[in-house]
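Chain and residue survey
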Amino acid sequence: MYRKITLSVLGGLALLALTACSNESPAAGESPKKAAAVELTTYKSASCGCCKQWVAHAEESGFSVSTHDVADLNAVKEQHAIEPRFQSCHTSVSAEGYVFEGHIPAKLIRRFLQSPPAGARGLAVPAMPLGSPGMEYGDRFTPYQVWQLNSDGSQQVYATISAAGEQF
């Protein structure tokens, strides 16, 4: 009788452990698509091909991207207080209200959202660096910086991308 109870308890514990494991985040090396999709809203020009390519990069990295083609991108950038020196061709906003300007590697957006730095309101890659996600052109690459935009109006370097492989 004790043996049946012990086996029942052990079986229940094993089932509980399996259930708990099924709710965990994907293990290292698993595809980001298996993780819960993070939602981004991206504002862009209807005719911009590099924006479409960046959206594809974000979606391939596990993001759910809702795009809005807008006639006045400057108004969007003004609404989100993106200074001209940090502007690019598209602006993305997370469900939490963080802003992501330009061709930022999706892995850096995910890292930022998983652990937002204190006082930060988003990230920016000014202009359109050659070789950044969405701006691929053969094997050409220009190193660039990803800037952290802070709520107090300051900014600081969040990451430096020195080689194309660092983006993925």
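Residues numbered from 1 in each chain as written. Predicted model: local features only at pLDDT ≥ 70, side-chain atom pairs only at ≥ 80, totals over all residues. Heavy atoms only, no water.

A count of helical and extended segments in the protein gives four helices and seven strands. Going residue by residue from the N terminus, the α and β elements of the protein occur as α-β-α-β-α-β-β-α-β-β-β. Here the protein holds 168 residues, and 36% of them are scored as buried. For the protein, the computed accessible surface area is about 9600 Å², with 55% contributed by carbon and sulfur atoms. (Helix = DSSP H or I, 4+ residues; strand = E, 2+ residues; numbered from the N terminus. Buried < 20%, exposed > 50% of the residue type's maximum accessible area, 1.4 Å probe, protein only. Areas by Shrake-Rupley, 256 points an atom, 1.4 Å probe, with all protein chains shown as cover.)

What follows is about the environment of serine 88. By the element assignment, serine 88 lies in the loop between α3 (73-79) and β3 (91-94). For serine 88, a relative accessible area of 13% corresponds to the buried category. Sequence spacing of serine 88 and glycine 102 is 14 residues, and the spatial spacing of their C-alpha atoms is 4.8 Å. Ignoring anything within four residues of it in the chain, the contact list for serine 88 reads Lys77, Glu101, Gly102, His103, Val125, Ala127 and Met128. Within the local environment of serine 88, its side chain forms a polar contact with the backbone oxygen of alanine 127, the two atoms lying 2.5 Å apart. (Contact = heavy atoms within 4.5 Å. Polar contact = N/O pair within 3.5 Å; in protein donor to acceptor, adjacent residues only side chain to side chain.)

What follows is about the sheet that holds strand β1 (residues 38-44). Judged by pairing direction, the sheet is mixed, and its seven strands sit side by side in the order β2-β1-β3-β4-β5-β6-β7 without closing on themselves. Strand pairing shows two members of the sheet lacking a second neighbour, β2 (63-69) and β7 (155-161), which therefore form its edges. In this sheet, adjacent strand axes meet at a mean angle of 25 degrees when their direction is disregarded. Two elements, β3 and strand β4 (residues 99-101), share three bridges in a ladder whose sense is antiparallel. Among the inter-strand pairings, valine 93 is bridged to a residue of β4, identified as valine 99. Each of β1, β2 and β3 is contacted by helix α2 (residues 49-60), which is oriented at about 160 degrees to β2, the strand it contacts most. (Pairing = 2+ DSSP bridges. Axes fitted to C-alpha atoms, helices over the stretch in contact; angles between N-to-C directions.)

This part is about the pattern of salt bridges. Applying the stated criterion across every chain, the model contains three salt bridges. For lysine 77, the salt bridge identified is with glutamate 101, shortest N-O distance 2.6 Å. With lysine 77 in helix α3 and glutamate 101 in strand β4, this residue pair connects regions lying 24 residues apart in the sequence. Exposure remark for lysine 77: the relative accessible area of 2% places this residue in the buried category. Note on glutamate 101: relative accessible area 0%, which makes it buried. Here glutamate 83 and arginine 85 are joined by a salt bridge, their closest N and O atoms 3.1 Å apart. Overall, glutamate 83 belongs to the partly exposed group, its relative accessible area being 33%. (Salt bridge = Lys/Arg side-chain N within 4 Å of Asp/Glu carboxyl O.)

Further remarks concern the nonpolar core. Soluble globular proteins tend to bury their nonpolar side chains together. In this structure, Phe63, Phe100, Ile104 and Val146 are the most contacted members of the largest nonpolar core, which totals 21 residues. Elements that contribute at least two residues to this core include exactly α2, β2, α4 (106-114), β5 (120-124), β6 (144-150) and β7. Tallying contributions element by element places α4 first for this core, with five residues. Excluding residues that lie within four positions of it along the chain, valine 146 makes contacts with Ile104, Pro105, Leu108, Leu123, Ala124, Val125, Gln156, Val157, Tyr158, Ala159 and Ile161. (Core = buried A, V, L, I, M, F, W, Y, C linked by side-chain atoms within 4.5 Å.)

For the rest of this paragraph, the subject is the packing of aromatic side chains. Counted under the stated rule, the structure contains five aromatic pairs. With a centroid separation of 5.1 Å and 85 degrees between ring planes, the pair formed by tyrosine 98 and phenylalanine 112 is classed as edge-to-face. One end of the pair, tyrosine 98, is in the loop between β3 and β4; the other, phenylalanine 112, is in helix α4, and 14 residues separate them in sequence. Over the ring of phenylalanine 63 we find arginine 110; its NZ or CZ atom is 4.6 Å from the centre of that ring. (Phe/Tyr/Trp six-rings, centres within 6.5 Å; stacked < 30°, edge-to-face > 60°. Lys NZ or Arg CZ within 6 Å of the ring centre and 35° of its normal.)

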